[in-house]
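Tertiary structure, described
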Amino acid sequence: MKPTLIIQGNFEQASRFIRQLLVADLPLECVVIPNVTDDAPRYQALVVASALCPQMTLRVGTAVDYGKATWLVLLDRADAETVPAAEVAELRLFMNRIVENGFKGQLVFCGEHDELLTYFAWKFSGLNQSQIWGLGTFPLARLLTYRLAERLGVGVAAIQTAVVGTADKPIVAWSRTYVGPAPILMYLANEDAKFNADDLGKMGHWLQREAGEDQRMLRSMALIRLLEADLTNQPLIASVTNIHDETPVYAAATPVLVNGSGVKHLTNLVLSEDEQHEFAEQIATLRENIATIAGQQTEGRA
């Protein structure tokens, strides 16, 4: 029996992601649940096209399908102008709906503000922390990996990057980035290396600029890579947004194992002093944002 992947989001993003899945043709039962009822007929052309896929099937689903989900992928469902507090208020209703319909799979956020939505989805639902995660900085880490491989003239498999924090403000952990068996900082000390510390700085600034651009295609490609790895029993360690059970709890992207059970912490994140300082500042801001939004959610409630 094929695992079930449910997709929900605005039509533009959901249809684009489905097109990529049709090309990838993973062994999945894919179910799209329209964001609004009027969108249902618009998916018919994609459903028809799925007949040409040897492995993947596609159909339009309803709320009863939540209970069958292996993965429930949430793309952006709100307008770009919607503030995070409003998204969180809508998320509370959505979480109630999927839990009432027996959802027990993995909830994956593949859109904006996944660090906030991951936290509040856990807070509202009572689901296990390992079941809820977002793509976080993994799409940008993949982009950096390919850029480094091209710059250094090595294969992609030789590069291991670490990008932590949030998708809009990624922190490149150069102290945890490797070229083959050697840390990249040690690689720079090689006299033959045509790459220096200035180049690292430029590449870090380049990634920050890319973080400010449209990441939707990068996210879709990254998610397909994670699904493919899981379906072939070759799970990846990836910097996805996950819940950190500290006091107070928060969600941010750090390297974890992503497999059929969800996300699993393998070891504590060890960064350089400067990287740790930057990461700590970002976490402090995240906690403040969580507290502010949580306060707005309770205003006017008995």
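Computed from a predicted structure; not experimentally measured.

What counts and what doesn't
- Residues numbered from 1 in each chain as written.
- Predicted model: local features only at pLDDT ≥ 70, side-chain atom pairs only at ≥ 80, totals over all residues.
- Heavy atoms only, no water.
- Buried < 20%, exposed > 50% of the residue type's maximum accessible area, 1.4 Å probe, protein only.
- Helix = DSSP H or I, 4+ residues; strand = E, 2+ residues; numbered from the N terminus.
- Right-handed = clockwise from strand over helix to strand, strands pointing away.
- Pairing = 2+ DSSP bridges.
- 1 Å grid on protein atoms, 1.4 Å probe; cavity = no way out; pocket = protein on both sides within 12 Å on 5 of 7 lines; lining within 4 Å.
- Points joined across faces, edges and corners; volume = space filled by probe spheres on them.
- Nonpolar A, V, L, I, M, F, W, Y, C, P; charged D, E, K, R; others polar.
- Expected span 1.5 Å × (residues − 1).

Before going further, it helps to spend a moment on the pairing of strand β5 (residues 106–109). Burial along β5 is two-sided: the residues Gln106 and Val108 and Leu107 and Phe109 are all buried. Crossover handedness for the path strand β4 (residues 71–74) to helix α3 (residues 84–100) to β5: right-handed. When β5 meets strand β6 (residues 132–134), the two strands line up parallel, connected through three bridges. Across the sheet, residue Leu107 finds its bridge partner in β6, namely Ile132. Taken together, β5, helix α4 (residues 114–125) and β6 constitute a β-α-β crossover, and its handedness is right-handed.

In this structure, the largest pocket occupies an estimated 1,100 Å³ of space. Taken together, 42 residues form the lining of the largest pocket, with Ile237, Ala238, Ser239, Pro255 and Val256 sitting closest to its centre. Sorting the residues of the lining of the largest pocket by element identifies α5 (138–152), β7 (159–160), β12 (236–244), β13 (250–259) and α9 (273–298) as the ones contributing at least two each. Counting residues per element, the lining of the largest pocket draws most heavily on β12, which supplies seven residues. When its residues are assigned to classes, the lining of the largest pocket shows 23 nonpolar, 13 polar and six charged.

Our focus in this paragraph is the sheet that holds strand β10 (residues 178–179). Across the sheet, which stays open at both edges, the three strands sit in the order β7-β10-β11 with antiparallel pairing between neighbours. Two strands in the sheet have a free side with no partner beyond their single neighbour: β7 and β11 (182–183). By the bridge criterion, two bridges tie β7 to β10 in an arrangement that is antiparallel. Directly across from Ile159, in β10, lies its bridge partner Val179.

Let us look at α5. With 15 residues, α5 extends 21 Å from end C-alpha to end C-alpha; this agrees with the ideal 21 Å at 1.5 Å per step. Within α5, the full set of buried residues consists of Phe138, Pro139, Leu140, Ala141, Leu144, Thr145, Leu148, Ala149 and Leu152.

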